[in-house]
Amino acid sequence: MTTYITTPIYYVNAQPHLGHAYTTIVADTYARFCRLCGEDTRFQTGTDEHGDKIAEAAARENIEPKEYVDKISGMFRDSWPVLNIAYDNFIRTTDVEHIKVVQSILQKVYDKGDIYFDAYSGLYCKGCERFLTEKELVDGKCPDHQVEPQAITEKNYFFRMSKYQQQLIDHINANPEFITPERYRNEVLSFLSEPLEDLCISRPKSRLTWGIEMPFDKDFVTYVWFDALINYLTGLGYPDDEKFAKYWPVAEHVIAKDILKPHAIYWPTMLMGMEVPLYKKLHVHGYWNINDAKMSKSVGNVVRPAELVEEYGVDGFRYFALREMSFGLDASFSHDSIIDRKNSDLANDLGNLYSRSAAMLVKYCDGVVPEPVDQQPSDKELTDLAAKVVSDYKQTMGAFEFHKGLQAVWELIRFANKYIVTNEPWALAKDEAQAGRLNTVMFNLAECLRLIAMTIRPVMPETSAKMAAGLGLGENDPIVSSLSESAGWGMIPVGTKMQEIDVLFPRMDKKKEQAPAEKPKNQKKSAKKEQVAEQDDLISFEMFQKIDLRVAEIIAAEKIAKSDKLLKLTVKIPEERTIVAGIAEHYAPEDLIGRQVIVVANLKPAKLMGVPSQGMVLAAKTGEKGAQTLVLSAVSETVNPGDKVA
Ligand code: MSP
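Everything in this summary refers to the structure shown in the same document.

Rules of the game
Residues numbered from 1 in each chain as written. Predicted model: local features only at pLDDT ≥ 70, side-chain atom pairs only at ≥ 80, totals over all residues. Heavy atoms only, no water. Helix = DSSP H or I, 4+ residues; strand = E, 2+ residues; numbered from the N terminus. Buried < 20%, exposed > 50% of the residue type's maximum accessible area, 1.4 Å probe, protein only. Contact = heavy atoms within 4.5 Å. Areas by Shrake-Rupley, 256 points an atom, 1.4 Å probe, with all protein chains shown as cover. Lys, Arg positive; Asp, Glu negative; His and termini not counted. Charge placed at Lys NZ, Arg CZ, Asp CG, Glu CD. Arc of directions from axis to C-beta. Salt bridge = Lys/Arg side-chain N within 4 Å of Asp/Glu carboxyl O. Near = heavy atom within 4 Å. Polar contact = N/O pair within 3.5 Å; in protein donor to acceptor, adjacent residues only side chain to side chain. Pairing = 2+ DSSP bridges. Right-handed = clockwise from strand over helix to strand, strands pointing away.

The next subject is the overall build of the protein. Within the protein, the secondary structure is distributed over 22 helices and 25 strands. Projecting the C-alpha coordinates of the protein onto the three principal axes gives extents of approximately 80 × 75 × 40 Å. Per-residue burial over the protein gives 52% buried out of 646 residues. Considering only intrachain contacts with a sequence separation of at least 6, the fraction spanning at least 24 residues in the protein is 74%. Here the protein displays about 29100 Å² of accessible surface, and carbon together with sulfur accounts for 50% of that area. For the protein, the distance from the average position of its 76 positive side-chain charges to the average position of its 92 negative side-chain charges is 3 Å.

And the structure:
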């Protein structure tokens, strides 16, 4: 079996956010799942780099469009490894090969008469990059972008989309899995029940130069779906490369509902016009909102994937994204919901199962997988459940119901935790006569861990590898990496030697400060400044200069009553001040006297546990999340208290 899975190619007018990350994690998980099932799999993502919005973004930054797209495309490319996204191909619409293919397709469709030149008046939405019909407007505005579309009349090239309307309806009716989930298929069929208009596919160069030139008219560029959608073919070396012959017939696209129409209507009709077979499936998911509100730059609640990885770990984030959203429906993100999932599903259920089982294997079996000699009828409940879980998992993951696939695996995890309680290995260990039974119970637990390591592999590759290592198995041992070969019960070899690994998922504390993405923006920056900060994650030198960093000498330190974490420090900078620091778990007060540390001296005063604090002591956080140690900042030689740090 062969699979070709794609994400949309993302516009390079903004940095990657939670929405882009979700789609890409979905495609990556599906690609990994298909590989787990032994399929020859190709996964493509990339960036969409032509068009008005991008030319405008470059102009705002005062740089050439090419320089601008190189930069932002690089940000997308760099952000994917952080999420453990392993694509096979990253396509850019500014790639020379892509441009050539788009032009040759345009010429072919033009030559056969499916592209014509005509005057057009319409209501154009810049956000959607297309003309909208009156019917689509809500209160005269584009429902997606909340702006009134512009009335435009100009001569342009059109693709005869209407010609293929019936053929498309027939195809959708004959192939129920062409567009899923079903609600989106119904939406498309309902749209197709009205006459389809032809598609405007050009812009005069007088209005836009940043696009692919029409091969039959140098005064026009193509715009923009006729450029972007074709990426799915050019990434396979269309038309002559063998990759095209191999992967195109099994192409599956993942998108969100915002670009349903271009993918479910423009693209298949374009393929008909090009005389290329249609893709196999379109998988459509819903939208992530943030605390139930729309994610938007102006509200200041845009969630950045890198920050989530930093905070919750790559697997914590990947698990949350796939478990929390029912594929096809909208979902709401909040820091509390991700912490809840991490604590309950990952730390409590999976983490505990692993650590308890591994500890008992070490204690009772010298860390070696024992031989099961005494399977009891009650064990059949476990082995039957494992078989059912693997079968449900395969079916749901293959159908893009990732939340259900994970639910199935968690059924096994929770059952295995109960299995420990009902079988009481600690009691069996006290009775010599029960040695065989103890070995069987421990073997069954090791086998559960193997099946869990294998089934979570597409979603949490890092944790899966860690568990495999803990079980003394190589990351790519077929018994943890091949569902086609090793889905049955009892495959972990007797005699396998366990290895010690770190805690899988430390618990997280909910009462910490809100992460930046949830805080509303309260300062108005100028558009230009915001753009730069947005794109670079950089602050200006002026901004840095506003932070008053000083060397402070600690002259007194004491614990704060009722707090495990806080110390009250008296420092000289050179005047005396009180600063409350969260270092009580890492430093004894008496060890701090005389130390020189770096402080932020112009932080707004605050009260912590009733003690006024005028500044912040800087320290490095080191070690694994949840088990971090704080190491105080220092200067390498003694200096005068109050000296500036710059
Ligand atoms: N360039 C076009 C796609 C061309 S594909 C031939 C485009 N780019 S985009 O940058 O706007 O990306 C849209 C896609 O980003 C959505 O379809 C979805 O995959 C993802 N998401 C953007 N915001 C999202 C949410 N808030 N929630 C979920 N996914 C979202 O459209």
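Okay, back to it.
Time to look at the environment of Leu473. With respect to the helices and strands, the residue Leu473 is situated in the loop between α18 (461-470) and α19 (478-481). C-alpha of Leu473 to C-alpha of Met498: the two residues are 25 residues apart in sequence and 8.2 Å apart in space. In this structure, Leu473 is in contact with Ala468, Ile479, Val480, Ile492 and Thr496, ignoring residues within four places of it in sequence.

Our focus in this paragraph is helix α5 (residues 165-174). The set of residues buried in α5 consists of Gln165, Leu168, Ile169 and Ile172. In an axial view of α5, the angular spread of the buried residues amounts to 100°, which keeps them on one side of the axis.

Attention now moves to the pattern of salt bridges. Taken as a whole and judged by the stated rule, the model has 33 salt bridges. Two residues, Asp28 and Arg318, come together in a salt bridge whose shortest N-O distance is 2.7 Å. Within this pair, whereas Asp28 is found in helix α1 (residues 18-36), its partner Arg318 is found in helix α12 (residues 314-324), the two being separated by 290 residues in sequence. Asp28 sits in the buried class, given a relative accessible area of 0%. Linking Arg414 and Asp345 is a salt bridge whose minimum nitrogen-to-oxygen distance equals 3.5 Å. With Arg414 in helix α15 (residues 402-423) and Asp345 in helix α13 (residues 335-365), this residue pair connects regions lying 69 residues apart in the sequence. Connected via shared salt-bridge partners are Glu324, Arg341, Asp345, Asp349 and Arg414.

A word on the site of the ligand. Around the ligand, the structure places 23 residues, and the nearest of them are Ile9, Thr23, Asp48, Asp258 and Trp288. Contacts to the ligand include Asp48, whose side-chain N or O atom sits 2.7 Å from a nitrogen atom. Here a nitrogen atom of the ligand and a backbone polar atom of Trp288 are 2.9 Å apart. For the ligand, whose accessible area on its own is 670 Å², the fraction buried by protein is 94%. Considering every element that reaches the shell around the ligand, the biggest residue donor is strand β1 (residues 2-11), with four residues.

For the rest of this paragraph, the subject is the pairing of strand β4 (residues 115-125). By the bridge criterion, 10 bridges tie β4 to strand β6 (residues 150-159) in an arrangement that is antiparallel. Each bridged residue has a counterpart across the sheet, and for Leu123 the counterpart in β6 is Ala151. Where β4 lies against strand β5 (residues 130-132), three bridges are found, and the strand directions are antiparallel. Within the sheet, the bridge partner assigned to Cys125 lies in β5 and is Arg130. Where β4 folds back onto β5 in an antiparallel hairpin, the turn is made up of four residues, including Glu129, whose phi is positive at roughly 60°.

Here we take up the pairing of strand β13 (residues 281-285). Two faces, one strand: in a regular strand the side chains alternate between the faces of the sheet. Counting buried positions along β13 yields five of five residues, so the element is predominantly enclosed. Across the two faces of β13 the burial is the same, with Lys281, His283 and His285 and Leu282 and Val284 all buried. Sheet analysis places strand β7 (residues 179-180) next to β13, joined by two bridges and oriented parallel. Counterpart to Ile179 in the pairing with β13 is Leu282. As paired elements, strand β12 (residues 251-256) and β13 share five bridges and run parallel to each other. Its bridge partner lying in β13, Ala256 is registered against His285. In this fold, the crossover linking β12 to β13 by way of helix α10 (residues 260-274) has right-handed handedness.

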